[in-house]
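In case you want the letters, here they are:
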Amino acid sequence: MTIAEYSIKNKVISWMFLVILAIGGVVSFADLGRLEDPAFTVKDAMVITSYPGATSTEVEEEVTYPLEKAIRQLPYLDKVTSTSSAGLSQIMVSMKMDYGPDELPQIWDELRRKVNDLEPSLPPGVNPVQVMDDFGDVYGVMLMVTGENYSYVELKRYVDYLTRELEVVDGVGKISLAGDQQEQLFVEMSLKRVAALNLDMNTVAGLLAQQNAVISAGEVTVNSQQLKLRPTGELNSIETFENLIIHGRDTGNLIRLKDVATVTRDVQEVPGNLLNYNGEPALNLGISFSSGVNVVKVGEAVDARLAELENIKPAGIQIHTLYNQAKEVEQSVNGFVLSLAEAVGIVIVVLLFTMGLRSGVIIGAVLLLTVMGTFILMSIYDIELQRISLGALIIALGMLVDNAIVVVEGILVGMQRGRSKVEAAKDIVEQTKWPLLGATVIAIVAFAPIGLSPDATGEFMGSLFWVLCFSLFLSWITAITLTPFLADLLLSSKSSEKQQSNDDPYKGLLFVVFGKLLKFCLRFRMLTVVVMVMMLAGAFYGFSLVKNSFFPPSNTPMFYVDMWMPEGTDIRDTYKQVQKVEDFLLDKEQVEFVTSTTGQGLQRFSLTYSPEKSYQAFAQLQVRVNDREQMLDLMRVLDTDLRDAFRQVSFQFRLMEIGPSPASKIEARIIGSDPQVLRDIATQVEDIFNADSGARNIRHDWRERTKDLLPQFNESQARRLGISKQDLADTLQMAFGGSAIGLFRDGTEMLPIVVRLPEDERVDFSTVQNLKLWSPALQTYVPIQQVVDDISLDWVEPLIQRQDRKRTLTVLADHDILGDETAASLFSRLRPQVEAIPLPVGYSLEWGGEYESSNDAQEALFSSLPMGYLFMFIITVFLFNSIRQPIVIWLTVPLAVIGVAVGLLATNSAFSFTALLGVLSLSGMVLKNGIVLMDQINIETHSGKDQYQAVVDSAISRVRPVSMAALTTILGMMPLVFDAFFGSMAVTIMFGLGFATVLTLVIVPVLYALFYGIKPSNA
């Protein structure tokens, strides 16, 4: 008994299989995890080291260089980039893409060991090295907490409570706080009062530090009991600080701290990062999800908990949502369900008109059941619903009906020839099951290089392969089991009674016209081949006119405005400009909200968002508008208005990206040792960029040189007074910044104690003339002029950027994101001009940006493609036990390029990474059609027909199933044409398959006739 017979006769088993797929699919779909992007490990860590007082060059040479040298010893390393600025080293360590989430924790431990081993040999004054290996964590829910008239300390107290409550919500992974301002205890000592009492400030500072230290006073045994000795006198309130007794040096009088100082509690004077929401100061709470959870359900649980806590929220405090991945995911999944429903509807409607109502219902039902079965397998293998797996299902939709169409078409033709439904089903399933399996495996293998790639591409795109594998393999199983079963239930048996066995089922207009075209092409076969080659050559030329892009921007109606003030700008001045820009943006009616971060980027709220490092002159605004169209219109207005209104600010507009988002789309890296030579070459590159009207946001990452003040220390005079360079540095630090001398303990909080001068003595640098230093030799204060001869000005490099241990200056530029031009077309114009610049010996040029990202992704993809295609070719050889027949089929694959080029040019779409995936899927579809057609030719030939007639009859008999499969795929892609992510892929598949289907039905017979020497005269 054949499998078709078994399915038809064992109705209970078939019904059970159908019900399991239907109900199991619905239940699995409801339980599937939901994410925005696939779970992906960012393979970067940050090594941050502060070296207070050091210049950028000293930081580079004494901290960054030895750290990079130690880190480079790790065998897993891909690249190391670093930024050395005054007092701070920031090193980004990127591991090779081969390492996944299982290996990385151990790699980060090794990185820490390397850094810790080196730490003792770093210069004195270097603070402990921090290794941030959670740099890649994605916080899918971003809450902004604001409160009118609330201080940062009061906001943080509420946010800490909120964190404790939300951490216990099931499915919440980690909660991180940003924008927090460190609370400090300020002891403002008046130099005038201290000098009047002849007190050494260092003695006072030392006393403060000692008095509040936690120290052991030992233990004593009394009556066999051991008792700890714990002297009192801790400073646990501002009052105890103020009443701290300082011994008078000359008079012997007891002086209290409040006699010479004011003690206050406040936030740090120079913030590291400032956040705003709609112009109000805010704290940012980032919530990440546990792995494998349904993001939508966890998002709802978080919302529910926030609603419960609403009653105890202090009046005036507001919680705003900057980004909610749960809602974005829900929209994407709903969009997919809509696309799926539309595609199924389109398939059924098309089949109703072409194959009849019952056939349409059968194939539509099989399509739905196959999708449901795929959900079951996705649930079993923990594959979430996210952008890539949804894309795979949409790619598969068109291919899932192919096998069912072949079987239903075969049953209809068999019945028209007088066979019973069971006999017709048995004949077609037995005849086509192995060719269909081979064609299905080939379609699956076409995607194997992506999904099974060992690098990041495989990790990110893996679900694409597995979902296609599950769905296509299921489509073969349902085609040979459920399709005959449903055909037996639903198809009318009248047709077989009405038709005689010798009737021709292919006498319709479509078949007659196609038959004449095919015979013409077979007669002039060489001419046909030449025309095809010319069309192919034209298509390859057409491809040179197609725009290229790596990944399209996201659909989310949110964009970023990066602001760069002149290098050296104080973060507080940058913040003032940010507030003005916020007010400017909030006046626009399209704007829903504006958030801003000053001093560094936001926490990573999306996999493709790359937070900017710490720069005082940097700020970024996130602007959310009502919809995408309004967003683009607003950006066009702001592009001009903002630059006109804020002349000293450099603006860069950026859309939310779906793929990797480098700092700029075009990056020219100049590598060499001398900063001046690097800057000279960069000027030439910038001139070339500026000369092109399509280039925007032109700058380089070493920024403008900045000024330092250099007090000229008179060493001989200082020695006579007993004053060291350290004493001078400490006095200046205390006078203009404040010196941290210890910790003030307040429950679980540890507040740094900062000694500084009162505001009227420290805000203006001109007060430096009034500064005094304590002279241990004279036991009194002396004016600073006695040890400082002069104060000079020096120009310094504010930032020194390095890549792979070499100084690297990167010139950055972008294309006009609001225009039609892509970054790739602008790059193709600029590249030859920049590469023509003569470089000195020892200097080189490299390209980064989108060019590098795209090349890396394609290199990873194409490195495994040859093996995949070889395997596909071997399968075709196994199917036909021949070399010539597989070659005939494979020669038709490039024909899809003709349609792809026409489609992309006609719709003005860019050839993106998703379009490349479309081309891969096309190769599987075209091969599938070719295999089905070749198998039919073999069947006709083996039945004893004349070879020429067999070729013609086979092609005509395959017209309906092949064209129906193509038509359903093409129309099923219609809902995706307007999708930002899948649009170019949909165009690629629709046009490529449309052309390839027609050409395959003609070219396979023509090439077969050529290879086997078959001529019409033989008929």
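Fair warning: this is a prediction, and the values are worked out from it, not measured in the lab. (Residues numbered from 1 in each chain as written. Predicted model: local features only at pLDDT ≥ 70, side-chain atom pairs only at ≥ 80, totals over all residues. Heavy atoms only, no water.)

1. Some thoughts on the overall build of the chain
For the chain, the helix and strand inventory stands at 34 helices and 30 strands. Every one of the 1019 residues in the chain was classed for burial, and the buried ones make up 55%. When the accessible area of the chain is evaluated, it comes to approximately 43,500 Å², of which 55% is carbon and sulfur surface. (Helix = DSSP H or I, 4+ residues; strand = E, 2+ residues; numbered from the N terminus. Buried < 20%, exposed > 50% of the residue type's maximum accessible area, 1.4 Å probe, protein only. Areas by Shrake-Rupley, 256 points an atom, 1.4 Å probe, with all protein chains shown as cover.)

2. Remarks on the packing of aromatic side chains
Applying the stated rule across the entire model yields 28 aromatic pairs. Between Phe465 and Trp466 the ring centres are 4.9 Å apart and the planes differ by 70°, which places this aromatic pair in the edge-to-face class. Overall, Trp466 belongs to the partly exposed group, its relative accessible area being 37%. Grouped by ring-pair contacts, the aromatic residues Tyr323, Tyr560, Phe605 and Tyr609 constitute a single cluster. The side chain of Arg756 reaches across the aromatic face of Phe186, ending 3.7 Å from its centre. (Phe/Tyr/Trp six-rings, centres within 6.5 Å; stacked < 30°, edge-to-face > 60°. Lys NZ or Arg CZ within 6 Å of the ring centre and 35° of its normal.)

3. Quick look at the pattern of salt bridges
If you walk through the whole model with that rule in mind, you get 46 salt bridges. The salt bridge partner of Asp804 is Arg72, with a shortest N-O separation of 3.0 Å. Of the two residues, Asp804 is situated in the loop between β28 (799–803) and β29 (806–814) and Arg72 in the loop between α3 (56–71) and β2 (77–85); the sequence distance between them amounts to 732 residues. Note that Arg112 is salt-bridged to Asp133, the shortest N-O span being 3.1 Å. Here Arg112 is found in helix α4 (residues 104–118), whereas its partner Asp133 is found in the loop between β4 (130–132) and β5 (141–147), with 21 residues between them in sequence. What makes Asp133 partly exposed here is its relative accessible area of 28%. Residues joined by salt bridges that share partners form a network here, namely Glu60, Glu68, Arg802 and Arg807. (Salt bridge = Lys/Arg side-chain N within 4 Å of Asp/Glu carboxyl O.)

4. Here we look at the environment of Val12
Looking at the element boundaries, Val12 is found in helix α2 (residues 11–31). Its relative accessible area of 69% is what places Val12 among the exposed residues. Distance in space between the C-alpha atoms of Val12 and Asp583 is 70 Å, their sequence separation being 571 residues.

5. Here's the deal with the nonpolar core
One finds Leu166, Phe375, Ile411, Phe447, Leu464, Leu468 and Phe913 to be the most contacted residues of the largest nonpolar core, which totals 184 residues. It is helix α13 (residues 387–416) that contributes the most residues to this core, 19 residues altogether. Residues in contact with Ile411, not counting those within four places in the same chain, are Ala424, Ala425, Ile428, Pro484, Ala487 and Leu491. In terms of nonpolar packing, the next biggest core, distinct from the first, is built from 41 residues, Leu185, Val187, Leu771 and Ile784 among them. (Core = buried A, V, L, I, M, F, W, Y, C linked by side-chain atoms within 4.5 Å. Contact = heavy atoms within 4.5 Å.)

6. Some thoughts on helix α14 (residues 421–445)
Along its 25 residues, α14 runs 34 Å from first to last C-alpha, staying within 8% of the 36 Å computed at 1.5 Å per residue. Where α14 bends most, at Thr432, the angle is about 45°, and the proline Pro435 comes one to four residues later. (Expected span 1.5 Å × (residues − 1). Bend = angle between axes of the 7 residues up to and from the residue.)

7. What to know about the packing of α2 against helix α17 (residues 482–490)
Helix packing geometry: the angle between the two helix axes and the distance between the axes. Where α2 contacts α17, the two axes come as close as 11 Å, and the packing angle between them is 110°. In this view, α2 runs roughly perpendicular relative to α17, as classed from their interaxial angle. At the point where α2 passes α17, the crossing takes the left-handed sense. Only Leu482, Phe485, Leu486, Asp488 and Leu489 of α17 make contact with α2, whose side of the interface consists of Lys11, Ser14, Trp15, Phe17, Leu18 and Leu21. Of the residues in the contact of α2 with α17, the class split is 8 nonpolar, 1 polar and 2 charged. (Axes fitted to C-alpha atoms, helices over the stretch in contact; angles between N-to-C directions. Parallel < 35°, antiparallel > 145°, perpendicular 65-115°, else oblique. Left-handed = near helix turned anticlockwise from the far one by under 90°. Nonpolar A, V, L, I, M, F, W, Y, C, P; charged D, E, K, R; others polar.)

8. Some thoughts on the packing of helix α12 (residues 357–380) against α17
Where α12 meets α17, the closest approach of the two axes is 10 Å, and the angle between their N-to-C directions is 145°. Considering how the two elements wind past one another, α12 and α17 form a crossing that is right-handed. Here Arg358, Val361, Ile362, Ala365, Val366 and Leu369 of α12 lie close against α17, whose contacting residues are Leu482, Thr483, Leu486, Ala487 and Leu490. Residues belonging to the contact of α12 with α17 are distributed by class as follows: 9 nonpolar, 1 polar and 1 charged.

9. Overview of a nonpolar patch on the surface
Among the surface-exposed residues, Trp15, Val19, Ile23, Val27, Val349, Leu352, Phe353, Leu357, Val361, Leu489 and Leu490 lie close enough to one another that they form a single nonpolar patch of about 1,000 Å² accessible area. Elements with a minimum of two residues in the nonpolar patch: α2, α11 (325–355), α12 and α17. In terms of residue count, the dominant contributor to the nonpolar patch is α2 (4 residues). Tracing the sequence through the fold places Phe353 in helix α11. (Patch = residues over 30% accessible without salt bridge, like charges linked within 9 Å, V, L, I, M, F, W, Y side chains within 5 Å.)

10. Side note on the pairing of strand β7 (residues 183–189)
Among the 7 residues that make up β7, 7 are buried, leaving the element largely enclosed by the rest of the structure. On β7, burial covers both faces: Glu183, Leu185, Val187 and Met189 on one face and Gln184, Phe186 and Glu188 on the other are all buried. Of the strand pairs in this sheet, β7 and strand β24 (residues 749–756) are connected by 4 bridges, and their pairing is parallel. When the bridges of β24 are listed, Phe186 appears paired with Val754. (Pairing = 2+ DSSP bridges.)

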